[in-house]
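Summary of structural features
Spelled out from the first residue to the last, the chains are:
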Amino acid sequence: MAAVQDGQLNMEVEKDIKTEITNDGSGNINANSSSPGSTSSGGKSKSPAGSGEDQQTLLAVLQFLKRNKLTESVDILRREAGLSADADDSPVSDSAGAGSGGVPNVSADGGDANSLLSRVSIATPVAPPATAPPKATGSMASGGEDQPDVNVVLSAYSQQGDPVLYPLYYNGLKKFIESVLDCHRAELSQVFYPLFVHMYLELVYNNHENEAKQFFEKFSGDQECYYEEDLRILSSMSKKEHMKGNETMLDFRTSKFVLRISRDSYQLLKRHLQERQNNQIWNIIQEHLYIDIFDGMPRSKSQIDAMSGSLAGEGKRDANKAKVFYGLLKEPEIEVPLDDEDEEAENEEGKPKKKKPKKDSMGSKSKKQDPNAPQQTRIPLPELKDSDKLDKIMNMKEATKKIRLSPDNLPSICFYSFLNAYQGLTAVDFTDDSSLIAGGFADSTVRVWSVTPKKLRRVKSAADLSNIDKESDDVLERIMDEKTASESKILYGHSGPVYGISFSPDRNYLLSSSEDGTVRLWSLQTFTCLVGYKGHNYPVWDTQFSPYGYYFISGGHDRVARLWATDHYQPLRMFAGHLADITCTLFHPNSNYVATGSADRTIRLWDVLTGNCVRILTGHKGPIHSLAFSPNGKFMASGATDGRVLLWDVGHGLMVGELKGHSDTIYALKFSRDGEILASGSMDNTVKLWDTLKAFDDVELDDFTAATGHIHLPENSQELLLGTYMTKSTPVIHLHFTRRNLLLAAGAYNP
Amino acid sequence: MAEERRPKQCTVVLPTESMKAMAESIGVGQLQEESCAALSEEVSYRIKEIAQDALKFMHHGKRCKLTTSDIDYALKLKNVEPLYGFQSQEFIPFRFASGGGRELHFYEEKEVDLSDIINTPLPRVPLDVSLKAHWLSIEGVQPAIPENPPPAPKEQQKTESTEPLKAVKPGQEEEGSTQKGQGATSAEAKGKKDGLMRMKPRSTHELSVEQQLYYKEITEACVGSCEAKRAEALQSIATDPGLYQMLPRFSTFISEGVRVNVVQNNLALLIYLMRMVKALMDNPTLYLEKYLHELIPAVVTCIVSKQLCLRPDVDNHWALRDFAARLMAQSCKTFSTTTNNIQSRITKTFTKSWLDDKTQWTTRYGCIAGLSELGPDVIKTLILPRLTVEGARIKAVSDGPVVSNIDKIGADHVQNLLLKHCASVIAKACPLPDNVEQYRADYGYLGPMLCSHVVKARAQAALQAQQVNRTTLTITQPRPTLTVSQSGIGGSGGSRTPSIIKVPSSLTLMSTRPGTPTQPSPPATKYIVMATSSGSSSTQQVITRTSSSVTSTVASATSTLQPLVKLESGGSRPLQKYIVVSLPSSSSLESKSGVLPPSSSTSPILLEARIKVDCSDSPGASTQSPH
């Protein structure tokens, strides 16, 4: 069971987010309980391990409130939760005993308290501290206070056996697993890594420094190579004192490592351990591992390798069961007044045939509702303005001139090199119509360039504006100050490197996120900063506008992704669950979901409406640095430091492809406008094009694989690779398909 | 690999001595061993933790080098105040020192004189960030433009030429895809399997229209009359990355050109062609191995041909021979392998015709030039033993009845050539007392002249030896403070302890005395201050080719200052000293710097002229020694 041992509840408050991590994975069921207005705490669930813990959490919040003398809130909370006044005073020590890993124990009470809690967190002013990043534990500044908390977490390790026997235990298990039938061996081998880590931590915690070191040296070589990063962190921890405030350690402790093992294999393991009376290992498995048992054939080594590699094991199967409405929203119907004109022009050029069928198809597509699409009004979206409609029309017109891409008809690539950037370019974005480029730099500046002949102009000052005739037709033209026309503008405001940057779809705003912990909204009319969204406190690695504007998502070092609306200075949703930094964020094309990639090597998909985590995708072996949705919203691609691109079926929550070829971190991914081609850009100075149609076709999805998620990945990266384009010495950090399917790439020339 | 490293990761901790030293530096003496051990483990852990965090910033900064600012941000993340003052864009110039059984890396901090900073003109403002677009690919085909990398990297050209039977290789694929478009890759993938059956890949050498135009332009410019155009064309050959497809054409052009022009005795054209060879060799993206069979005969022709010009008595065909000989030596160095044995074959060719009595003076000159460019070892084993014979032959021409003017000139040149090359070799090889009689006995007619040349060469070598390890420093102020890389005494003012940073004696290049004031002089003059440590090294290769004009001027100035040199190296002077050379105005420096690199691309004719300029300049340089 998770870490609730006694009444040291201050920790619980800070750990609030962490505890729900374990639950988020499995619980998407209670979407009903959280109102649209609730914060991420709505992610609580009735998962097997959930109920007792919820109570605990509630008590923790109470304790915290009490300590901070917020008696009023305490009363409200207690009333709502229906708890007796003394409930929180008695330290709860039962839960550890109750939970044995997989006993479904859904009590109505737990669910109730849970939903209440979520309400409480909006109602009381305490919400921000309660959801404060778990990082606080890590900071040395708050030293004295968090010491007991860590002790709570760690105390589970205090029960110990003879340190000398640890290698024997481990070796015994190793011998056993090596001797079992081949079909079970791969599955059971999964146990090694979490077991190794926990045994090592236990040794360290109990001050058996030398034994721990020997243990590490003896067995670290056995672990899978993709855990190398974690092992490196682990190896540096050789003293009990180091464990305090170490995030990795806390992650291991607070989250259960999830393993998927077939029933047969699990029985084998269980029998072996019970026969041998190997309680030490059995305890660890009981307490720190979540074994997701499935019926059927044991998985093969390659199947396991494809899915494992994340910080906390694989996603539980039921974590990916929730329905995801991956279809696109219906396009608003816009009369195209300029259409006739356009058609005439087309006629003159003598290509009327081509255009007509296309237009029809588009019209019909927009009329029928996709069964997989969410309700049009599932989340409130901003209304279309006239300018947006104009843009849509432009978009449609451009789309008719779009080049049909195929393996025989590859896109042209235009590369924008940032010269003299002195290694400082950290983020790039293009507007959807490819008229503007923005760059974020390590020197805290944001620069915007116009790549069309149209120069960037500022709106005139207020005094000058009052002189303008507001009735004139070209008022929009008149308000611009001709004197300020230039090809690029610099935006000053951040106080740290700018790591994320995103244009609003209407090109009026620009978002930037920075090391200084803020996200800033800039106006591209006045070229000034409009809002600084504070909340992250730690570096914000990425930010992204919704495809419909208004909403945006940000994620950073504090492991929490926040959903904001541009006109609110506080976040609307907080998506907590990742075990390490959130490195990249992306909206689903229908704006109802948000994907986040993290340094814990998982990708999570969050429901914007409920705040629930609806997908946990594991399989990457390094921090994820780029995400892309296919234009139809059905598929997703992700790229990581391991140089691999993984393809996912969003609806089924399955990995459907693996593209190997890059030799360094992939910082940019983009699907072409029709989704036939995926472009990837990497630190290894290449742009690669992949045949995604073929990739998605090659995967056969029968019911069984869809149900179990055990997929055989075809080894066909080389066949899918359509082209590799080396730059001279420019890492590719952004890619963008124009509306006509020309690929734009950007990076800083690195002489 | 990772597995091998892991156990090591576990154990790497800072040495306890470091803890001790650091404790001493803040005034804590006598730290106990146990506390040291405890501290070092804790510190190692924290440092690792910070480094791991800093890596995150590196990744998000989209770099592959960790910078000091990454570490600052990582510290900030932990609520630790960052280290101020360690601003370095990417490279921290740690110096390594070892001695007394200790090894250490230290950060060289130069003491800066504020007035220097104030008085130096402001550096150029760095260029602002700008955006430049180019086509990385056009419908799947990467255009061969300077913005893109060369279509076939050198390694690939190499595998292509050295392993021609290795079925279908990347080069083949590349060619196919660049021409047909990579669109058909999947189809080609199947084709690839068929390709495996072929023994030798087809090599297409079709040039696009643009390439044909380029080829025409370049070859015309190279042999045309406009020098400016030629310089541009040669520059293009030497730097353009996409030439490999044209390489066979160029090499045929050169070899045919030489064949024709040797017959016609057109010296100018031969020179131009040799310069093309030079440019091709300078191009880092080209792999010439495949075309040596055409290029080497052409070059050798230009070295040893009996007649290269219409009027051998007037024209300076000797320079062409020298230049070609240098090219030959360079290609020997670059391309000679145990398989092709270029160097030994070339050496054999030269020696054979040199040994032949009937060989003309011109060819003789070429052979000797070609041999002596191959290096001191070749000179020692092949030329020195024959000096007596050769001397007799020269004597016969100069003393004997005048046969023809041409012969006399030829003999003269051969004599000078022999003296020039042999002197330096003898200077290194023979024991010191240069006895004229001894030389006469050893080398016959050439002995006495050799002797004087050797003396000169020794002097020069001594001067150059002093420059080894020199640190140059350009000072515009009359009062230079020379506290660069001080040993203990100089640097102990601050918080660092002299006990850690103990610079071993071999490293103390500079005097421990800060800045002996040199003579004040008008501020416009530039000073080059050199610290010398005599006798520490005997390397001749002082004149490192650096881009900075300062170093090259030093070299040129000193190389022509022979009288001074004697002064310096004559006796056993104290170990450290400064030579302050005030240099003449920069206009004459400009012309000098061209002389230095032996492989500079100036034409051989110009070369000689420049040497003359040099000599006339040298008296302008005055020297002072503070000691």
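Residues numbered from 1 in each chain as written. Chains lettered and ligands numbered in written order. Predicted model: local features only at pLDDT ≥ 70, side-chain atom pairs only at ≥ 80, totals over all residues. Heavy atoms only, no water.

The line we're drawing: UniProt positions are given in the numbering used here, feature names are shortened, and annotations may be inferred rather than shown by experiment.
Named according to an unreviewed UniProt entry, chain B is Transcription initiation factor TFIID subunit 6 originating from Oncorhynchus kisutch. Here is the UniProt Sequence similarities (unreviewed entry) comment for chain B, exactly as written: "Belongs to the TAF6 family."

An unreviewed UniProt entry lists chain A under the name Transcription initiation factor TFIID subunit 5, with Oncorhynchus kisutch as the source organism. UniProt, in the comment section headed Subcellular location (unreviewed entry), describes chain A in these words: "Nucleus". For chain A, the Sequence similarities (unreviewed entry) comment in UniProt is given as "Belongs to the WD repeat TAF5 family."

Comments concerning the overall build of chain B
Stated formally: For the purposes of this entry, the term helix denotes a DSSP run of H or I that reaches at least four residues, the term strand denotes a run of E that reaches at least two, and both are numbered from the N terminus. Think of it in three bands: with a 1.4 Å probe and only protein chains considered, a residue is buried below 20% of the maximum accessible area for its type, exposed above 50%, and partly exposed in between. The contact criterion used throughout is that any non-hydrogen atoms of two residues lie within 4.5 Å. Per-residue and other accessible areas follow the Shrake-Rupley method at a 1.4 Å probe size, with only the shown protein chains counted as cover for residues.
Looking only at helices and strands, chain B features 26 helices and seven strands. Expressed as a percentage of its 627 residues, the buried residues of chain B come to 43%. A separation of at least 24 residues holds for 69% of the contacts in chain B among residues at least 6 apart in sequence. Roughly 33400 Å² of accessible area belongs to chain B as shown, and the carbon and sulfur atoms make up 58% of that amount.

A few points about the interface of chain B and chain A
What counts is decided by this rule: Buried area counts how much accessible surface, traced with a 1.4 Å probe, disappears from two parts once they are put together, with both parts' losses summed. Each reported salt bridge corresponds to a side-chain nitrogen of Lys or Arg within 4 Å of a carboxyl oxygen of Asp or Glu. Two N or O atoms count as a polar contact when they lie within 3.5 Å, although within protein this holds only if one can serve as hydrogen donor and the other as acceptor, and sequence-adjacent residues are included solely when both atoms are side-chain atoms.
Listed as interface residues are 53 residues of chain B and, on the opposing side, 75 residues of chain A. Together, the buried faces of chain B and chain A total about 5800 Å²; carbon and sulfur atoms form 55% of this surface. Where chain B meets chain A, there are three salt bridges. Measuring nitrogen to oxygen at the nearest pair gives 3.0 Å for the salt bridge that ties Asp-128 of chain B to Arg-447 of chain A. Counting across the chain B and chain A interface gives 14 residue pairs in polar contact (both at pLDDT 80 or more). Elements represented by at least two residues in the side of chain B that touches chain A include exactly α1 (2–11), α3 (33–60), α4 (68–77) and β3 (130–137) of chain B. Among the elements that line the side of chain B that touches chain A, the one with the most residues is α3 of chain B, at 11 residues.

As for helix α16 (residues 263–276) of chain A
All names here are of chain A. Rules: In this analysis, the expected span of each helix is defined as 1.5 Å times one less than the number of residues it contains. Arc, as used here, means the arc of the directions from the helix axis to the C-beta atoms.
For α16, built from 14 residues, the straight-helix expectation of 20 Å at 1.5 Å per residue is met to within 8% by its first-to-last C-alpha distance of 20 Å. Here α16 has its buried residues at Ser-265, Tyr-266, Leu-269, His-272 and Leu-273. Taken end-on, α16 shows its buried residues confined to a sector of 130°, consistent with a single buried face. Where α16 is buried, its residues meet α9 (165–179), α10 (182–189), β1 (257–262), α17 (279–288) and β2 (289–294). Backbone geometry just downstream of α16 places Gln-277 in the positive-phi region, at approximately 60°.

Let's talk about a nonpolar patch on the surface
Residues and elements named next belong to chain B. Rule in force here: Like-charged residues within 9 Å of one another, or nonpolar side chains (Val, Leu, Ile, Met, Phe, Trp, Tyr) within 5 Å, are grouped into patches, provided each residue has over 30% relative accessible area and no salt bridge.
Taken together, the side chains of Val-112, Leu-114, Ile-117 and Ile-118 make up a nonpolar region of the molecular surface, amounting to roughly 430 Å² of accessible area. Position of Ile-117 among the secondary structure elements: in helix α5 (residues 114–119). Using a relative accessible area of 47% as the deciding quantity, one classes Ile-117 as partly exposed.

Some thoughts on the pairing of strand β25 (residues 654–660) of chain A
Residue and element names in this part refer to chain A. Filter applied, for reference: Pairing between strands requires that DSSP locate at least two bridges from one strand to the other.
For β25, a buried count of six out of seven residues is recorded, marking the element as mostly surrounded by other parts of the structure. Bridge count for strand β24 (residues 644–649) against β25 is six bridges, and the pairing is antiparallel. Within β25, the position partnered with Arg-644 by the bridge is Lys-660. The hairpin turn running from β24 into β25, its antiparallel successor, is four residues long, and Gly-653 in that turn takes a positive phi close to 70°.

Some remarks on the sheet that holds strand β18 (residues 582–587) of chain A
All names here are of chain A. Put simply, the rule reads: Here, axes are lines fitted to C-alpha atoms. For helices the fit covers the stretch in contact, and angles between N-to-C directions go from 0 to 180 degrees.
Spatially, four strands are ordered β18-β19-β20-β21 in an open sheet, and the strand pairing comes out antiparallel. Edge positions in the open sheet fall to β18 and β21 (613–618), since each of these has one partner strand only. Neighbour-to-neighbour, the strand axes of the sheet open up by a mean angle of 20°, direction not taken into account. As judged from the five bridges shared by strand β20 (residues 602–607) and β21, these two strands associate in the antiparallel manner. From the neighbouring strand, Trp-606 faces β21, where its bridge partner is Cys-613.

Focus: the packing of helix α16 (residues 361–373) of chain B against helix α19 (residues 405–429) of chain B
Residues and elements named next belong to chain B. Put simply, the rule reads: What sets the label is the angle itself: under 35 degrees gives roughly parallel, over 145 gives roughly antiparallel, 65 to 115 gives roughly perpendicular, and the rest give oblique. Put simply, a crossing is left-handed when the front helix is turned counterclockwise from the back one by less than a right angle, and right-handed when it is turned clockwise. Three classes are used, and their members are as follows: Ala, Val, Leu, Ile, Met, Phe, Trp, Tyr, Cys and Pro are nonpolar, Asp, Glu, Lys and Arg are charged, and the others, Gly among them, are polar.
Relative orientation of the contacting elements α16 and α19 amounts to 10°, with a least axis distance of 9 Å. By the angle class used here, α16 and α19 are roughly parallel. The chirality of how α16 crosses α19 is left-handed. On the side of α16, the interface is formed by Trp-361, Tyr-365, Ile-368, Ala-369, Ser-372 and Glu-373, while α19 contributes Asp-407, Gly-410, Ala-411, His-413, Val-414, Leu-417, Leu-418 and His-421. Looking at the contact of α16 with α19 residue by residue, the classes come out as eight nonpolar, four polar and two charged.

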